Amino acid sequence: MSGRQSLPTGRFEPSDWQDRGDPERTLSVEQARQFYDWFGAWQDWQWFYEDAVVSAMVEEGDFQNAKSVLEFGCGTGRFGERLLSEVLPQTCRYVGVDVSTTMVRLAQQRLQPWAPRAEVRQSDGSCSFVEEDFSVDRVVSTYVLDLMAPEQIRLFLEEAHQVLTADGALCLVSLADGVGPVGTLVSRMWRKIHALSPYLVGGCPPLDLTAFVKHADWQIRYSRLIRSFGLTSQVMIASRKDRPGQ
C-alpha cells in the first residue's frame, strides 16, 4: 500500500479508560478491536524497530519453502505483502486473520494482487482456527501474543499445534524484557507506561515466549533476543511434537 499515512483522528475513549494502574492487565478482545480499528494504518510506523527482528524470523523460518502460511494477527497486511512479493513460492497459500475490522479491510486491499491464493479473514476474537488438522506448515504471529492474556496464549498454542504439519514451524515474535543497561532501562519504562494505561503502548507489555512454549509439546529450534532502537524482541521458531494418539 502506498501513499502518505496520517495520524489517527478523533479521540479514543474506551469504556473502561479509567481502569488504570495494573501492570499485569491486558486488553480484552473488544478493547483491542476498538484500539486497532482506531489506530488503523498508523500501525505501519512500527517498522523502524520491527523489520530487523521479523527479518531474522523469516530467515530462520525457511519461508522460501513454505506451502501454506497462516498469520495470526495480520494487521495492515504489511508482512503478508512482504512474504508474497519477496519470499514465498508462487504455489504457497497465505491466510491472514485479524480481530480488527479496519485492519482486515486494509490487509484485503493490500493483498488483492495475490488473490485468490492470499486470503484475509476477520476473527471473532477467539483463538480457534478453521483450518483442517495438520494442514498448515507455517503458523506466524508477530507482536500479537504480547497483547493477549495468558489463557488466550495457551489456547492459541493449542490451535497452532493442531493445525501444523509434522514438519511445519511455529514462528513467533514478541516484545521481551531487555538485556543490558539500555535494554533493561527501556523495558522498565515500557512496563511503567503499560501499568499507567495499556492503550499507550498498544496493549503490549514484554513477554517471555519460553514460559508458554512448553517442551512437552514443542521442540524449540531457534530462540534469540534482538534489540532494535532500544526495544528488545524475542524471535522463536518451534516445531510440534506428536502427542500420544496423534
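Preceding this section is the structure that the text describes.
Residues numbered from 1 in each chain as written. Predicted model: local features only at pLDDT ≥ 70, side-chain atom pairs only at ≥ 80, totals over all residues. Heavy atoms only, no water.

Peer 1: Looking at this structure, I do not really get the pattern of salt bridges. What am I missing?
Peer 2: Side chains carrying opposite charge are able to pair once their charged atoms draw close together. All told, the structure shown has nine salt bridges when counted by the stated rule. Its salt-bridge partner being Glu119, residue Arg93 comes within 2.4 Å of it at the nearest N-O pair. Here the residue Arg93 occupies a position in strand E2 (residues 93–98), and Glu119 occupies one in strand E3 (residues 118–122), the gap between them amounting to 26 residues. Two residues, Asp242 and Arg240, come together in a salt bridge whose shortest N-O distance is 2.8 Å. Here the residues in one salt-bridge network are Arg93, Glu119, Arg121 and Glu131, joined through shared partners. (Salt bridge = Lys/Arg side-chain N within 4 Å of Asp/Glu carboxyl O. Helix = DSSP H or I, 4+ residues; strand = E, 2+ residues; numbered from the N terminus.)

Peer 1: I would appreciate a short explanation of the nonpolar core in the present structure.
Peer 2: Considering soluble globular proteins, one finds that nonpolar side chains tend to be buried as a cluster. Judged by nonpolar contacts, the single largest core of 32 residues is most densely connected at Met57, Val58, Phe63, Val69, Leu83 and Leu88. Per-element tally for this core: the top contributor is helix H2 (residues 47–60), with five residues. Among residues more than four places away in sequence, those in contact with Val58 are Phe63, Phe79, Leu83 and Val87. Membership of the second largest hydrophobic core comes to 27 residues, among which are Phe72, Cys127, Val136 and Leu207. (Core = buried A, V, L, I, M, F, W, Y, C linked by side-chain atoms within 4.5 Å. Buried < 20%, exposed > 50% of the residue type's maximum accessible area, 1.4 Å probe, protein only. Contact = heavy atoms within 4.5 Å.)

Peer 1: Is there a simple way to think about the pairing of strand E7 (residues 231–240) in this case?
Peer 2: Each regular strand displays side chains that alternate between the two surfaces of the sheet. In terms of burial, E7 is a largely internal element, ten of the ten residues being buried. Bridging between strand E5 (residues 164–175) and E7 involves six bridges; their strand directions are antiparallel. By the bridge assignment for E7, Ser174 is matched with Gln234. Looking at chain direction, strand E6 (residues 218–228) and E7 are connected through ten bridges and run antiparallel. (Pairing = 2+ DSSP bridges.)

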